[in-house]
Amino acid sequence: MSSADIEIDADNAEADLSVKMVAKAGGSGFDVKSVEATKGFDADGARVTVNPRYNIETEATDVVVNYNNGDTDVKLTASVDNQEVTISHQIDGDNRIAPTLSNGGDVSVEWERKLNDDSSLTATLKPNESLDVEWKDADWTANVNMPIDGTNINGANVSIKRDVSF
């Protein structure tokens, strides 16, 4: 073996802080690929996490801020060039809706319907792009991806898989 991938996770539960580093060690030495940290805290009955990330290889940086008060989860992902916000709300015990907006004008809406304890149906609509449907039923998962061009749906892709444990 000429190289090894290394992942280091350091957690401090008392400080509600974790740090993760991904690197490669080998013939060319030790190269750090990415570094990120996550800091969490509670505020007025809600949970807030802040997760700055830096990819050293690509010099890409962003931050993910998450706010969760139980039924509603707000996730903001922001870099210098791109910003995206998702607001996910648990409508009742069986239904969740999550619209996503980006600074580039992209919009998507995800709806998840719990069918029973180990079965759910999730539909994600990206206008003028695609409609994706995922049906999970215990160990089985079926995915349907339907590209959308205006009002036309063409060339649906269907996949089915089953998880098998030995």
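Let me begin by describing the structure that accompanies this report. (Residues numbered from 1 in each chain as written. Predicted model: local features only at pLDDT ≥ 70, side-chain atom pairs only at ≥ 80, totals over all residues. Heavy atoms only, no water.)

### Considering the overall build of the chain
So, step 1. The number of helices and strands found in the chain is 0 helices and 14 strands.
So, step 2. On C-alpha atoms alone, the chain measures out to a radius of gyration of 20 Å, which is more than a quarter above the 15 Å that the 2.2 N^0.38 rule sets for 166 residues.
So, step 3. When its C-alpha atoms are laid out on the principal axes, the chain stretches across 50 × 50 × 40 Å.
So, step 4. A buried classification covers 17% of the 166 residues belonging to the chain.
So, step 5. Considering only contacts within the chain whose residues lie at least 6 apart along the sequence, 4% involve residues at least 24 apart.
So, step 6. Accessible surface computed for the chain: about 11300 Å², of which carbon and sulfur atoms make up 52%.
So, step 7. Between the mean site of the 14 positive side-chain charges and the mean site of the 31 negative ones, the chain shows a separation of 3 Å. (Helix = DSSP H or I, 4+ residues; strand = E, 2+ residues; numbered from the N terminus. Rg over C-alpha atoms; globule rule 2.2 N^0.38 Å. Buried < 20%, exposed > 50% of the residue type's maximum accessible area, 1.4 Å probe, protein only. Contact = heavy atoms within 4.5 Å. Areas by Shrake-Rupley, 256 points an atom, 1.4 Å probe, with all protein chains shown as cover. Lys, Arg positive; Asp, Glu negative; His and termini not counted. Charge placed at Lys NZ, Arg CZ, Asp CG, Glu CD.)

### Comments concerning the layout of surface pockets
So, step 1. What the largest pocket holds in volume is close to 290 Å³.
So, step 2. For the largest pocket, the lining is made up of 18 residues, of which Glu84, Thr100, Ser102, Asp106 and Val107 are closest to its centre.
So, step 3. Contributing elements (two or more residues each) for the lining of the largest pocket: strand E6 (72-79), strand E7 (83-90), strand E8 (95-102), strand E9 (107-116) and strand E10 (119-126).
So, step 4. Sorting elements by how many residues they give to the lining of the largest pocket places E6 first, with 3 residues.
So, step 5. Of the residues belonging to the lining of the largest pocket, the class tally is 3 nonpolar, 10 polar and 5 charged. (1 Å grid on protein atoms, 1.4 Å probe; cavity = no way out; pocket = protein on both sides within 12 Å on 5 of 7 lines; lining within 4 Å. Points joined across faces, edges and corners; volume = space filled by probe spheres on them. Nonpolar A, V, L, I, M, F, W, Y, C, P; charged D, E, K, R; others polar.)

### Some thoughts on a nonpolar patch on the surface
So, step 1. A surface patch of nonpolar side chains, about 480 Å² in accessible area, is lined by Ile91, Ile97, Leu101, Val107, Val109 and Trp111.
So, step 2. For the nonpolar patch, the secondary-structure elements that each account for two or more residues are E8 and E9.
So, step 3. Considering every element that reaches the nonpolar patch, the biggest residue donor is E9, with 3 residues.
So, step 4. Under the relative-accessibility criterion, Val107 is labelled partly exposed at 38%. (Patch = residues over 30% accessible without salt bridge, like charges linked within 9 Å, V, L, I, M, F, W, Y side chains within 5 Å. Salt bridge = Lys/Arg side-chain N within 4 Å of Asp/Glu carboxyl O.)

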